[in-house]
Amino acid sequence: MAGYIPGIMVGIAQMIVVYIIARKKNYPRAEKVPLKEALRIARDSILGLLVAVIIIVGIVAGIFTATEASVVAVVYAMVITLFVYRSLDLKSLVTVFKNATLTIAQVLFLIANASAFSYIMAYLRIPYTVAHELLQITDNKYLLMLLINGVLLVLGMIMDMAPLILIVTPILLPIVTQLGWSPIQFGIILLLNLSIGLCTPPVGNTLFVGCAVGKTTIEKVMKAIWPFYIAMIVVLLLVTYVPWFTMFLGSKFSG
């Protein structure tokens, strides 16, 4: 629950970037949709939008885990697509599976290499060493949190998310709680940092997925998306230094 407001903030920040870029480059606008047509579109899309509802309600209610939610959502979407919207037939479904397999193969190869690198980093105790050295630089809690964010951003760029959470949480959590930050707030700060790392080279899993789906290269994409990194980092700093964004809902459901 603590992640909802920060997540919405990231979305709004990126919308603002899109709006600025669109105005600056004078992108064409679509024709305004009449209210009657908009209501019809909304009605027709309800079953598709229920995918998000199933995921959120299922996880919050404890019905299934995030991984299980993705499986349930895919099965539901496939049933709706085949038998309700009928935008795919069984022959087309084979092509979808083939394309998905090729994309997954690229990502799994990347994750395998990132996991091996994470093992080496953990074996050499590099995250522990970095965290220990941070404490030697300053005892100012605001400056220290800024440094922790910087370290997490860099580590998120070169290590896979899951092992990184397991490595840095027991190291950094006692430090930040001693400085006065809530464990809930730190959890969201950690995930925001590592989420930015997921779309940042050289080990950006979601960035590679996006490039594979869009059939483009990392080099071309990076030239276009750097303003979005600025927007995400601004949100990260707001979440770090303004506890309300995470604790308003997080504290209500922490029990």
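Provided above is the structure to which this section pertains.
Residues numbered from 1 in each chain as written. Predicted model: local features only at pLDDT ≥ 70, side-chain atom pairs only at ≥ 80, totals over all residues. Heavy atoms only, no water.

Undergrad: So what's going on with unusual backbone geometry? Residues and values would help.
TA: Of note in the backbone geometry, N26 takes a positive phi value of approximately 55° without being a glycine. The topology assignment puts N26 in the loop between α1 (4-24) and α2 (35-44). Note on N26: relative accessible area 65%, which makes it exposed. A positive phi angle is found at K215, which is not glycine, with a value near 55°. A relative accessible area of 73% places K215 in the exposed class. (Helix = DSSP H or I, 4+ residues; strand = E, 2+ residues; numbered from the N terminus. Buried < 20%, exposed > 50% of the residue type's maximum accessible area, 1.4 Å probe, protein only.)

Undergrad: Let's hear about the environment of I137: which residues, and what values?
TA: Here I137 lies in helix α6 (residues 126-137). The exposed category is assigned to I137, whose relative accessible area is 57%. Spatially, the C-alpha atom of I137 lies 53 Å from that of I46, the residues being 91 residues apart in sequence.

Undergrad: A description of the pattern of salt bridges should follow, citing residues and the corresponding values.
TA: Tallied over the full model, the rule gives three salt bridges. Across the pair R40 and E37 runs a salt bridge, and its minimum N-O distance is 2.6 Å. Residue R40 and its partner E37 are located together in helix α2, separated by three residues, close to a single helical turn. A residue is classified by how much of its surface remains accessible, and E37, at 31% relative accessible area, is partly exposed. Of the charged contacts in the structure, one is a salt bridge between R43 and D44, with a shortest N-O distance of 3.2 Å. (Salt bridge = Lys/Arg side-chain N within 4 Å of Asp/Glu carboxyl O.)

Undergrad: Which residues make up the packing of aromatic side chains, and what are the values?
TA: Enumeration over the complete set of coordinates arrives at four aromatic pairs. When the ring of Y142 is compared with that of Y241, the centres are 6.1 Å apart and the planes differ by 40°; the resulting orientation is tilted. Here Y142, found in helix α7 (residues 141-158), pairs with Y241, found in helix α11 (residues 218-241); they are 99 residues apart in sequence, far enough to count as distant. According to the relative accessible area criterion, Y142 is partly exposed, its value standing at 47%. When the ring of W244 is compared with that of F245, the centres are 5.7 Å apart and the planes differ by 75°; the resulting orientation is edge-to-face. Joined through ring pairs, the aromatic side chains of Y142, W181 and Y241 make up one cluster. (Phe/Tyr/Trp six-rings, centres within 6.5 Å; stacked < 30°, edge-to-face > 60°.)

Undergrad: Which residues make up empty space enclosed by the protein, and what values do they have?
TA: Applying the stated criterion across every chain, the model contains two cavities of 30 Å³ or more. By volume, the second largest cavity amounts to about 40 Å³. Counting only elements with at least two residues in the lining of the second largest cavity, the list comes to α8 (161-178) and α9 (183-198). For the lining of the second largest cavity, the element with the highest residue contribution is α9, accounting for three residues. Considering only residue class, the lining of the second largest cavity consists of six nonpolar, three polar and one charged. (1 Å grid on protein atoms, 1.4 Å probe; cavity = no way out; pocket = protein on both sides within 12 Å on 5 of 7 lines; lining within 4 Å. Points joined across faces, edges and corners; volume = space filled by probe spheres on them. Nonpolar A, V, L, I, M, F, W, Y, C, P; charged D, E, K, R; others polar.)

Undergrad: Give a description of the layout of surface pockets that names residues and reports values.
TA: For the largest pocket, the calculated volume is near 280 Å³. Along the walls of the largest pocket sit V17, I20, I21, K24, K25, Y27, K223, A224, W226, P227 and F228, which together make up its complete lining. When contributions to the lining of the largest pocket are tallied by element, the ones reaching two or more residues are α1 and α11. Of the residues belonging to the lining of the largest pocket, the class tally is eight nonpolar, no polar and three charged.

Undergrad: Can you lay out the packing of α7 against α11 for me, pointing to particular residues and giving the numbers?
TA: The relative placement of two packed helices comes down to the angle between their axes together with the axis-to-axis distance. With their axes 11 Å apart at the nearest point, α7 and α11 run at an angle of 140° to one another. On the basis of the axis angle, α7 is oblique to α11. By crossing handedness, the relation of α7 to α11 is classed as right-handed. Listed contacts from α11 to Y142, M145, L146, N149 and L153 of α7 are L236, L237, T240 and Y241. (Axes fitted to C-alpha atoms, helices over the stretch in contact; angles between N-to-C directions. Parallel < 35°, antiparallel > 145°, perpendicular 65-115°, else oblique. Left-handed = near helix turned anticlockwise from the far one by under 90°. Contact = heavy atoms within 4.5 Å.)

Undergrad: Please give an account of the environment of D44 that cites residues and values.
TA: For D44, the position within the fold is in helix α2. Taking the C-alpha atoms as reference, D44 lies 9.0 Å from Y85; in sequence the two are 41 residues apart. Within polar-contact distance, the side chain of D44 engages the side chain of R40 at 2.8 Å. (Polar contact = N/O pair within 3.5 Å; in protein donor to acceptor, adjacent residues only side chain to side chain.)

Undergrad: Which residues make up the environment of H132, and what values do they have?
TA: Along the chain, H132 falls in helix α6. Looking at H132, the relative accessible area reads 37%, which means it is partly exposed. Considering only alpha carbons, one finds H132 and F228, 96 residues apart in sequence, at a separation of 31 Å.

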